[in-house]
Amino acid sequence: MEELNFTEKVLLVVQNIPKGETKSYSEVAQLAGSPRAARAVGNIMKHNVYPHIPCHRVIKADGSLGGYNGLQGKKEALLREEGW
DNA sequence: CGTATGACGTGCA
DNA sequence: GTGCACGCCATAC
C-alpha cells in the first residue's frame, strides 16, 4: 500500500468495495491518500484499462450515480443486481 | 516543464 | 429543491 501510486491505490480501493456496497469518489480518493482528489479518481476510472474495477460501485458523494463511460443507466442496473 | 482536461465536491443564487 | 460557478488533484499531451 506504500509502494503504490495514487492510481494503483485507487484501483485497489475500488476492487475492495464489497458487493452490494457503493463508495463515493471522495471516499476512494481519501483511502487512496488524497481526500481532495475525487476528480483524479474519476479520471483514472475513465482511463482505467483494468477489467477488474467495478467502477459502477463508485458514485458521487451526494448519492448520484455519476458517470460510467456514458452508461449511467447501466450503472444503476448493475448496482440493483448486486443488491444495492 | 507547462498547459489543458475531467466518470467530483462544495457553496451560493 | 435545483442550477451555476469555483476550487482541488492527478494524468496526458
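As a starting point, this report considers the structure included with it.

Procedures and definitions
- Residues numbered from 1 in each chain as written.
- Chains lettered and ligands numbered in written order.
- Predicted model: local features only at pLDDT ≥ 70, side-chain atom pairs only at ≥ 80, totals over all residues.
- Heavy atoms only, no water.
- Helix = DSSP H or I, 4+ residues; strand = E, 2+ residues; numbered from the N terminus.
- Buried < 20%, exposed > 50% of the residue type's maximum accessible area, 1.4 Å probe, protein only.
- Near = heavy atom within 4 Å.
- Nonpolar A, V, L, I, M, F, W, Y, C, P; charged D, E, K, R; others polar.

1. A few points about the environment of Tyr-25
Then step 1. Residue placement: Tyr-25 occurs in helix α2 (residues 25–32).
Then step 2. For Tyr-25, a relative accessible area of 15% puts it in the buried group.
Then step 3. For Tyr-25 and Ala-38, which are 13 residues apart along the polypeptide, the C-alpha to C-alpha distance reads 4.9 Å.

2. A short note on the protein's contact with DNA strand C
Then step 1. All residues in the neighbourhood of DNA strand C are listed as Phe-6, Thr-7, Ser-34, Arg-36, Ala-37, Arg-39, Ala-40, Asn-43 and His-47.
Then step 2. Counting only elements with at least two residues in the surface near DNA strand C, the list comes to α1 (6–15) and α3 (38–47).
Then step 3. Looking at the surface near DNA strand C residue by residue, the classes come out as 3 nonpolar, 4 polar and 2 charged.

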